[in-house]
Each structure stands twice: as structure tokens, then as C-alpha cells.
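Listed below are the residues making up each chain.
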Amino acid sequence: MSCDLTDPAILEAYQDILAGTPTNWLILGYHDTRDKISLYSKGTGGLDELTTHLKEEVIYGFVRIEDRYALLAYVSEQVSGLRRARALVHGKAIAALFKASNVQINTSSIAELTEDRVRARLGLVEGPPTPDPSSPATPSTPVQAAEAPVPAPRPATPVSPPPAVAPAPAPVSIDTVMQPQIQPSQPQSEVSSPLRTGSPRSGLSTPRTERQLEIEAAERKVREEMERQKQAEVAKRQRETQEREARERELFAQKQALALERQRKEESDRLAREAMKKQLIEMEKLRGSGLSGYITIQVAGSPFWKRRFYVMRGQVLSLFRDENGRQPISDMKLGGQVAHLADASLEVLIPNSFFVQLRNGQTHYFFSDTVKDKEMAMAGFMKCNESA
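Residues numbered from 1 in each chain as written. Predicted model: local features only at pLDDT ≥ 70, side-chain atom pairs only at ≥ 80, totals over all residues. Heavy atoms only, no water.

Draft legend 1. Just the overall build of the chain, in detail. Looking only at helices and strands, the chain has nine helices and 12 strands in total. Residues counted as buried form 30% of the 388 residues belonging to the chain. Long-range pairs, those at least 24 residues apart, make up 52% of the contacts in the chain between residues at least 6 apart in sequence. Element-wise, carbon and sulfur atoms account for 53% of the exposed surface of the chain, whose accessible area totals about 25,800 Å². (Helix = DSSP H or I, 4+ residues; strand = E, 2+ residues; numbered from the N terminus. Buried < 20%, exposed > 50% of the residue type's maximum accessible area, 1.4 Å probe, protein only. Contact = heavy atoms within 4.5 Å. Areas by Shrake-Rupley, 256 points an atom, 1.4 Å probe, with all protein chains shown as cover.)

Draft legend 2. Here's a closer look at the sheet that holds strand β11 (residues 353-358). Read across the open sheet, the seven strands follow the order β9-β8-β7-β6-β12-β11-β10; overall the sheet is antiparallel. Bordering the open sheet on either side are β9 (330-333) and β10 (338-343), each of which pairs with just one other strand. When strand polarity is set aside, the average angle formed by the axes of neighbouring strands in this sheet is 35°. In terms of strand pairing, strand β8 (residues 316-320) meets β9 through four bridges, oriented antiparallel. Bridge pairing in β9 links Val 316 to Lys 333. Across the sheet, helix α9 (residues 371-386) touches β6 (291-298), β7 (306-313), β8, β10, β11 and β12 (363-367), and the angle it forms with β10 is around 165°. (Pairing = 2+ DSSP bridges. Axes fitted to C-alpha atoms, helices over the stretch in contact; angles between N-to-C directions.)

Draft legend 3. The arrangement of the packing of aromatic side chains in detail. Scanning the model with the defined rule gives 11 aromatic pairs in all. Between Phe 354 and Phe 366, the ring centres sit 5.3 Å apart and the planes meet at 15°, which makes this aromatic pair stacked. Placement of the pair is Phe 354 in strand β11 and Phe 366 in strand β12, with a sequence separation of 12 residues. Each member of the pair, Phe 354 as well as Phe 366, is classed as buried. Seen from their ring centres, Phe 354 and Phe 381 are 6.0 Å apart, and the 70° between their planes marks the pair as edge-to-face. With Phe 354 in strand β11 and Phe 381 in helix α9, this pair connects stretches of sequence that are 27 residues apart. Residues Phe 354 and Phe 381 agree in their burial class; the two are buried. One aromatic cluster is present, formed by Tyr 14, Phe 62, Tyr 69 and Phe 98 through successive ring pairs. Note that Lys 55 overlies the ring of Tyr 40, its terminal NZ or CZ placed 4.9 Å from the centroid. The residue whose ring lies beneath Arg 83 is Tyr 30, and the NZ or CZ to ring-centre distance is 5.5 Å. (Phe/Tyr/Trp six-rings, centres within 6.5 Å; stacked < 30°, edge-to-face > 60°. Lys NZ or Arg CZ within 6 Å of the ring centre and 35° of its normal.)

Draft legend 4. The arrangement of the pattern of salt bridges in detail. Scanning the model with the defined rule gives 12 salt bridges in all. A salt bridge links Glu 267 to Arg 270, with the shortest nitrogen-to-oxygen separation between them at 2.5 Å. Linking Glu 267 with Arg 270, this pair stays in helix α7 (residues 207-287), spanning three residues, or about one helical turn. Judged by its relative accessible area of 35%, Arg 270 is partly exposed. What emerges from the salt-bridge pattern is a single network uniting Arg 34, Asp 35 and Arg 86. (Salt bridge = Lys/Arg side-chain N within 4 Å of Asp/Glu carboxyl O.)

Draft legend 5. A look at the confidence of the model for the chain. When pLDDT is averaged along the chain, the result is 79, and 75% of the positions lie at 70 or above. Segment residues 155-160 is flagged for pLDDT under 50; beyond a separation of four residues in sequence, or across chains, it makes six contacts in the model. (pLDDT = per-residue confidence, 0-100.)

Draft legend 6. Spotlight on helix α1 (residues 8-18). Of the positions making up α1, those classed as buried are Ile 10, Ala 13, Tyr 14 and Ile 17. Each buried residue of α1 sits inside an arc of 105° when the element is viewed along its axis, so together they form one side. Looking at the buried positions of α1, the neighbouring elements they touch are β1 (25-29), β2 (38-43), β3 (58-65), β4 (68-75) and α3 (81-97). The positive-phi residue at the C-terminal boundary of α1 is Gly 20, with phi of around 80°. (Arc of directions from axis to C-beta.)

Draft legend 7. Examining the sheet that holds β3 more closely. One open sheet holds the five strands; their spatial order is β2-β1-β3-β4-β5, and the pairing between them is mixed. Edge positions in the sheet fall to β2 and β5 (103-107), since each of these pairs with one other strand and no more. Across this sheet, the average inter-strand angle for adjacent strands is 20°, counted without regard to direction. Those strands touched by α3 are β3, β4 and β5, and its axis lies near 35° from that of β3.

Draft legend 8. Representation of α9. Taking 1.5 Å as the rise per residue, α9 with 16 residues should run 22 Å; its terminal C-alpha atoms sit 23 Å apart, in good agreement. Among all positions of α9, only Lys 374, Met 376, Ala 377, Met 378, Ala 379, Gly 380, Phe 381, Met 382, Lys 383, Cys 384 and Asn 385 are buried. (Expected span 1.5 Å × (residues − 1).)

Draft legend 9. Representation of the layout of surface pockets within the structure. As a volume, the largest pocket reaches approximately 360 Å³. Lys 265, Asp 269, Arg 273, Glu 375 and Met 378 are the residues nearest the centre of the largest pocket, which is lined by 13 residues in total. Looking at the lining of the largest pocket, the elements that each hand over two or more residues are α7, β10 and α9. Ranked by residues supplied to the lining of the largest pocket, first place goes to α7 with six residues. When the residues that make up the lining of the largest pocket are grouped by side-chain class, the tally is six nonpolar, no polar and seven charged. (1 Å grid on protein atoms, 1.4 Å probe; cavity = no way out; pocket = protein on both sides within 12 Å on 5 of 7 lines; lining within 4 Å. Points joined across faces, edges and corners; volume = space filled by probe spheres on them. Nonpolar A, V, L, I, M, F, W, Y, C, P; charged D, E, K, R; others polar.)

Draft legend 10. Examining the side chain of Ser 368 more closely. Along the chain, the position of Ser 368 falls in the loop between β12 and α9. Judged by relative accessible area, Ser 368 falls into the buried class, the value being 5%. Excluding anything up to four places from it in sequence, Ser 368 contacts Ile 295, Pro 351, Asn 352, Phe 354, Asp 373, Lys 374 and Ala 377.

Written out as C-alpha cells, the structure reads:
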């Protein structure tokens, strides 16, 4: 199932893309041939222009985005199973020719070939994350004030109320001022000297007391600011905790839903396989022979798909060239040897496909003509494996 890539226009367009010329994409196709691949188109409009030239068939593309290269394999959903299988083999040959490709993308939907998705596959996502404008700004002055050393508070000196305004005294002589009279009942210690200003009995604040009041006001302002910051930090942590718990609950619910859906699907598949096995047993009783039919197989280590007529008897899968063959081409012993059996349509892009992994490490791929044929074949593999 080799392909013909001798069209000289393919290498010419490929070299133009690598050389950094305005040409930055090309697409290849079969032109209604079986194995000969030719250049369909090339251009300078990038991925958007490339996708406008895709057709409902098997198309291979090569595109340059910045300094990286992507190899595309577009297989329309309208393409038959055999052509899909052939495209899988030919895609490897094209990848070997276009060695400069950084990533290979297989798809059956044009909608998946967007600029953003291809750039992401090429690792060309640009720009750091934009800071969240809703996050609180880092405080500067209040924090610096909070971190600055604050002098230890001193006990405030009680301030006496100002003296009441007395009426002006009568004029006295200078002798009276120089020699104040002391009442017999008044102690000498209680006589206030005119030179002792600022005493507690005078009712006046000293400069030291005013400075202390300023310090206390600054301390209160710092404490209030620190308390506001502490409350804001506590509220922020609470919001973050609530958001994280909400995300965890949502993720847990999603995991539970997925697990439940997976369990339902596994149970449904198990019941379907059990029913299929019972049907196979009844068929063998009626016909006296095992399950049989046509199937396409890609044996382990081979890139080629081959259509064969198979017969399952007991623990053995026998492959014939056709239904009239008398001697099998090969026999595969399955009793207790099947390690894993699963759908493979997403892996090989072929409908009704599945793979069988044996305990010796070999993996064989199969695809049937219909969904029912696929289910019958998978049930037959399970029955042969459990017959051991």
C-alpha cells in the first residue's frame, strides 16, 4: 500500500515554505487515483487560506506559522473505511518526506483547524497572563508606617482645667509686691512663687505633654490602619477559601458524574457482550461451527491492512483469504491470552474499529463492515479468551 510522491512540484513548494518565501502552505491529494499523490494548491495566506481549499476527501497539508511547521491530515467523514486505512499508511510516508514538521494533526473536521488550536499545538501561545484588576493593590505608605518602629507610649500627664478668670486686682504698692503678706492660717509651702510656671496647679500644658499627645495620635492611626489591613487580609483569605471549596465541590461532582456515566457504560457494554456471547453459543449449537465473517486486520508490527475471512472455534481465531479457503493463512490462539480489548476508532480514525492486546505484548487492530459485525467479533474474542 505504498504511495507515489514523485511529483516534483511537491518538493519545490516544500522547499519554498522552508526557505521563508511568501509561500507558507501547500496541500496534497490523490486526483482520483489510488496511490499517486500530487500537489493540489499552495499559497501565502496561511492556515485560513489553506482550510478554504480542503475538499471532502483525503487531503494532506503543510503550513508554516512563524518559525514552526504543522503537518495536517484531513480525512473527510464521507471517506470509506478502506481509504481511511490507506490514508493512515500514506500519512507516515508523507511525514517521512516532510521531516521539518514540528507536529502532525489528524482530523476529520475543518472546524478543528483554527489558528488558535494549531498555534497551541505548535507551542506558540503568546503573552504572560494579564494581572487580575480585581486583586487588591499592595499598600505602601500604611504598611511602611506599620513596619516603622514606634516609640513606647508614656503615661500622659493629667492636664488641669484652665483657671477661672478673676477680676483685675486693685493697684498695690511696690512694697506689697516685694513683701507679700502671709495669712496666719496659710502654710508657707502653699505660697506659689511667680517663677514656678507650668506646675499642675497652674493648669498649663508643658511642651513635653503636647509631644506625647502627638505620638499617641500617630500610634492610634497606625494601629487602626494595621487593623483594617488585617481585616482585609482575613476577608480575602475567606473568599479564596470559599472559592477553592466551591471549585473542589464542582470538580468532585464532575468526577462523580463521569464515574457514574463510565460505570453505566461499562455495565451496558458488559450486558451487551454477555447477550452476544449467548447468541454465539446458540449459533454454534445450531450450525456446529464457530463465529465467522469478513474482517480487516492490521497485525502487530505491520503497517498494512488486509481483509480476511475469519472463523472462531473454541480458543482459536483462524484467518482465510476468503470464505472458500480450505487452509487458514494463520491461526491465533486466544485462550487466556487477551489482556485488553477496546474501541480504536479515535486512534486510527476508522469506523467500527477495535484493538486486541495480547499478554505477550502484541497489539492487533481490526475493523468490521458494520457496528453489529464489530460487536459480534469483540464478543467472540471475549468468549475465546474465557474458554481457557
